[in-house]
Each structure stands twice: as structure tokens, then as C-alpha cells.
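Now for the letters of each chain:
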Amino acid sequence: MNTQLKRHKLTLYNTLTRKKEIFEPADPNRVTMYVCGPTVYNHAHIGNARPAVVFDVLARVLRRLYPHVVYARNITDIEDKIIAAAKAQGVDISVVTEKYADIYRNDMGALGVLAPDLEPKATDSVAEMISMMERLIEAGHAYAADGHVLFNVPSYPGYGRLSGRDRDEMVAGARVEVAPYKKDPADFVLWKPSAPDQPGWDSPWGRGRPGWHIECSAMIEKHLGQTIDIHGGGIDLQFPHHENEVAQSACSHHGAPLARFWLHNGFVNIESEKMSKSIGNVLLVHDLISQAPGEAIRLALLAGHYRQPLDWTAEGLAQAKRMLDRLYGALRNLADVRSEPTNDAAPDAFVDALLDDLNTPKALSELFAIAKRANTETDPGTKALLKAELIGAGRLIGILEMDPEAWFAGGGTASHIDGDEIERLIAARNAARKEKNFAEADRIRDELAAMGVQIEDGPQGTSWRVAS
Ligand SMILES: [Zn+2]
């Protein structure tokens, strides 16, 4: 365990108990966290980016506290909207899902979001979902009807506890379909039949496909275990998605709870209005990163406490950019100060704010206090310490990882993370590699590195993110 942080306790607001609790993992040598990831058929909007950034910060904090953290964020790559998009484009669903999964990874990378340790895909876990459904049926918590498998909500008395809703609210809130094959109006679908022109898997109930909720329960069981330490996601997922996850997992694990801590981030509104297609104010991360530095978008998302609703405004984003100018300005003034920043360098007041249920607004005000001191400090030893503190604190929330000169030279403008330009360079590099023109491939890699972009070659192609 990290020597500095061990003196402090992490407290987190647990939706399950509706209070702040001291977080102690079940096994300090394997801390487990799962966050519901994107359904990949279109671009992520700024509301989708918030949980990615918030839980990236939590993962960074957990990694400082514990030697081994397993953070999983799934990819939902089978869903009716995906099927509709693929059909409209006349392609296989994998063409749609792989494209948008790549875009999601790159967009989040531009916001400084580190790749999770695991990124399970729903379509790789259908066997595990079928196994879980068989156990649920066996235990009397689910039933097959008309090619469907349904979870029987009245069979689990704990249903509704996470979201604090009563039965009538739940039935109304879930907008559940009234269907003749349902035993109870609140019952939800685990499995549904696929028409011949729809993607499907063979199952004991015929050819079909999973519903959305069962995938998270099955992937958590497969990759992390029966009970995990932290389950996160946006507040919009609390009901019915998370409530359903709780029920499926507990009922297939003899009552063992799915997660010890449930964390939910608040909504993102746009200029005081609800973000919606009908208003036409949906802000895509893909567009925002061509208008502003990814780091400024990240900071704007962290400027409010994660549990509160966040009002996204153009002024807020401009302000985040100015905040980074000030912080990088302080670092630039310290350019000739020798200091060896370590992960332990973040000052206590900053760390304490983060450990207090990720109070990022408080942590940021501490960061500015250091920058202010650094700007007027004259003692060389103190200056070195303040520089280490600024960099150490920045690392903990995923900012200030750029060379200050690079930030002011344009690295901090949006142009260096023009997604299309980067994609073009990556394609050119891959073409050069194919032609065995390694000198050119290396030259392009260096060009990207100079832009502050780090590329990674993986089995699914080349991905990129802003270097840290
Ligand atoms: Zn989920």
C-alpha cells in the first residue's frame, strides 16, 4: 500500500445504504470495480463521458491505495439499436460495433481516460449469460415463455432497494411492455427470440439474443467474481438497469450481493437544459475534442462534484481551459527547478479532498493554492517541493501530464487532437508498415508523439490516446 495514502481513509457515498462509508475492499490484494460501458452504435456524448472520467479518477486513486486493482468497463455490442443501425447500413453488427468501440476508446483517450484493465464484450459472454439464466430458472427466479426468458420480479423481495422505489413506481418507471407471456407486469426480459435476419445464438429456449441487463451480471461473474467491491455508472442506470443487475446476480449466487459499494454520477445538462435529441443540444465528445483540448473537457467534467448534476456550458469549458493555462503557467515558471515528482508527492489537503468521496472541486481549489504559492515562492527547496506537489496531484486526477511548453505551444489547443487528422496519420503509418517502410512508419509515430498522442498497436488495430 502506498505509504502516504495509507494514513488516510477513502470514504465513498454508497447508493445502497444512502450514506458515506469508509471503503475497505473485501481483498486488499485484489480490488474489483465494474462500470457499465457504452452501447456502441453511435458517438458518445458528454453525458456518456462523465462516468468514464469520474471512474477513471477513482481507478487512479484506488491504484495508489492498493497494489492490485481490477477495473472492468464493458462494451455492449449486441442491442436492438445496434441491430437497427447495422440493418440500415446493410452491414454485419460487428462492423458497427467495432467502429464505434474504437471511436469511443479514442474519444475517451483524448480526455485522458486510461484504458480499463478489462473491457469485456457482451457477445463474448453469451455462454455465461445462458448459464446464469439456467441457474435462475432452476432456482425459481426466472421462467421461459414464448421463446423468451423472463426474470420474475416478485421472486426477489430485495427488488427496489437500490433505487428506493416502490412497486408501482418501478412498473411505471421501467415503461415495461405489457406482454401476454409475462407472469407479472414488472418482470423483465433476460433473453428474447431472434428472427432469421437478426443476430442470434442457440440456446435451450431457441435461437435468440440476450437482453441488456443480464450481460453485466454475467460478465461481472465471469471476470471479477460473485461480489465486487465497487459498481459504478450514471444515475440514469440506477433503475431499472442496476436494480435488475442486483436481482439477477443475487438470485444466481444464493443471495450473495453483487457489489458492496454502488456509486452513481449525476446527470449532465447543457446550458441549464436537459440534453435531448428533440432540443438538438446533444454534445458529442468527438466534436468537442476538435474544439477544445481534451484536458480542458476533462477538467470541466471534474469541476463539479460527481454526484451533483453538472451544467455543461461553453463558459465552463472556456474557464477550464483558463484554469489549465494558470496551472501550466505555474509549472512553466518552475521549468528550471529540479524536482523528482513521485506518486507520493500530492499534498495531504489535496489527497484528503479526493478521499472524501472524490471531492474534486475541493481538490482543485487545493491545487490552485499550490500554484499560487509556487508563483511567489523564492526559496529553491520550497519551489522544488511545490513543483513535485503540482505534478503529483495532477497525475492523481489525470491532468498536467503535458510539458508546459507543449501546452502553450499549441498542445493545449484543440488542433493537436483533431481526431480525423490523427486517424489519417495512423492509416498512413499502417500503410507504411504494410509496405515495410519502417522509417516512414517511425517518422509518423514520432510526429504523433510530438503532438502529444501515444499510439498502441493491438489485435483490434491501432488505438491512440493523449500521452500521459
Ligand atoms: Zn450494467
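One can find the structure itself at the top, above this paragraph.
As the structure is a computational prediction, the values presented were derived from the model and not from experiment.

**Details of the coordination of the zinc ion**
Around a metal, the idealised angle for a tetrahedral arrangement of four donor atoms is 109.5 degrees; for an octahedral arrangement of six donor atoms it is 90 or 180 degrees.
Reasoning step 1: Distances from the zinc ion to its protein donors, namely Cys36 (SG), Cys216 (SG), His241 (NE2) and Glu245 (OE), fall within the range 2.0 to 2.2 Å.
Reasoning step 2: In the primary structure, the donors to the zinc ion are separated according to the pattern C-x179-C-x24-H-x3-E. Separated by 4 residues within a single helix, histidine 241 and glutamate 245 lie in helix α7 (residues 238-252), roughly one turn from each other. The same class applies to histidine 241 and to glutamate 245, which are both buried.

**Re the packing of helix α10 (residues 314-333) against helix α12 (residues 360-376)**
Reasoning step 1: Taken N-terminus to C-terminus, the directions of α10 and α12 make an angle of 40°; their axes are 9 Å apart at the nearest point. Comparing the axis directions of α10 and α12 gives the class oblique. Judged by the sense of rotation from one axis to the other, the crossing of α10 with α12 is left-handed. When α10 is examined against α12, the residues Met323, Arg326, Leu327, Ala330 and Asn333 are found in contact with a partner set consisting of Leu364, Leu367, Phe368, Ala371 and Asn375.
Reasoning step 2: Here the residues of the contact of α10 with α12 are counted per class, giving 7 nonpolar, 2 polar and 1 charged.

**Focus on the sheet that holds strand β13 (residues 310-312)**
Where strands meet in a sheet, backbone hydrogen bonds hold them as pairs that are either parallel or antiparallel.
Reasoning step 1: Read from one edge to the other, the open sheet built from 3 strands follows the order β12-β11-β13, with strand pairing classed as mixed. Of all strands in the sheet, those with a lone pairing partner are β12 (273-274) and β13, marking the two edges.
Reasoning step 2: Relative to β12, strand β11 (residues 268-270) runs antiparallel, the two being bridged by 2 bridges. Looking at β12, one finds that isoleucine 270 is bridged to glutamate 273.

**Considering the side chain of serine 155**
Reasoning step 1: Within the element layout of this structure, serine 155 appears in the loop between β6 (148-151) and α5 (167-173).
Reasoning step 2: For serine 155, the side chain forms a polar contact with the side chain of histidine 141, separated by 2.7 Å.
Reasoning step 3: Among the polar contacts listed, one links the side chain of serine 155 to the backbone oxygen of asparagine 152, at a separation of 2.7 Å.
Reasoning step 4: Those residues in contact with serine 155 that lie beyond four places of it in its chain are Gly140 and His141.

**Side note on the packing of aromatic side chains**
Reasoning step 1: Going through the model one piece at a time under the given rule, you end up with 6 aromatic pairs.
Reasoning step 2: The interplanar angle of 80° and the centroid separation of 6.3 Å between the aromatic rings of phenylalanine 23 and tyrosine 66 together place this pair among those described as edge-to-face. Here phenylalanine 23, found in the loop between β2 (19-22) and β3 (31-35), pairs with tyrosine 66, found in the loop between α1 (46-65) and β4 (69-73); they are 43 residues apart in sequence, far enough to count as distant.
Reasoning step 3: Look at tyrosine 66 and you get buried, because its relative accessible area is 7%.
Reasoning step 4: Look at phenylalanine 151 and phenylalanine 188: their rings are 5.1 Å apart centre to centre, the planes differ by 15°, and that puts the pair in the stacked class.

Thresholds applied
Residues numbered from 1 in each chain as written. Predicted model: local features only at pLDDT ≥ 70, side-chain atom pairs only at ≥ 80, totals over all residues. Heavy atoms only, no water. Donors = N, O, S within 2.8 Å, 3.2 Å for Na, K, Ca; no water. Helix = DSSP H or I, 4+ residues; strand = E, 2+ residues; numbered from the N terminus. Buried < 20%, exposed > 50% of the residue type's maximum accessible area, 1.4 Å probe, protein only. Axes fitted to C-alpha atoms, helices over the stretch in contact; angles between N-to-C directions. Parallel < 35°, antiparallel > 145°, perpendicular 65-115°, else oblique. Left-handed = near helix turned anticlockwise from the far one by under 90°. Contact = heavy atoms within 4.5 Å. Nonpolar A, V, L, I, M, F, W, Y, C, P; charged D, E, K, R; others polar. Pairing = 2+ DSSP bridges. Polar contact = N/O pair within 3.5 Å; in protein donor to acceptor, adjacent residues only side chain to side chain. Phe/Tyr/Trp six-rings, centres within 6.5 Å; stacked < 30°, edge-to-face > 60°.

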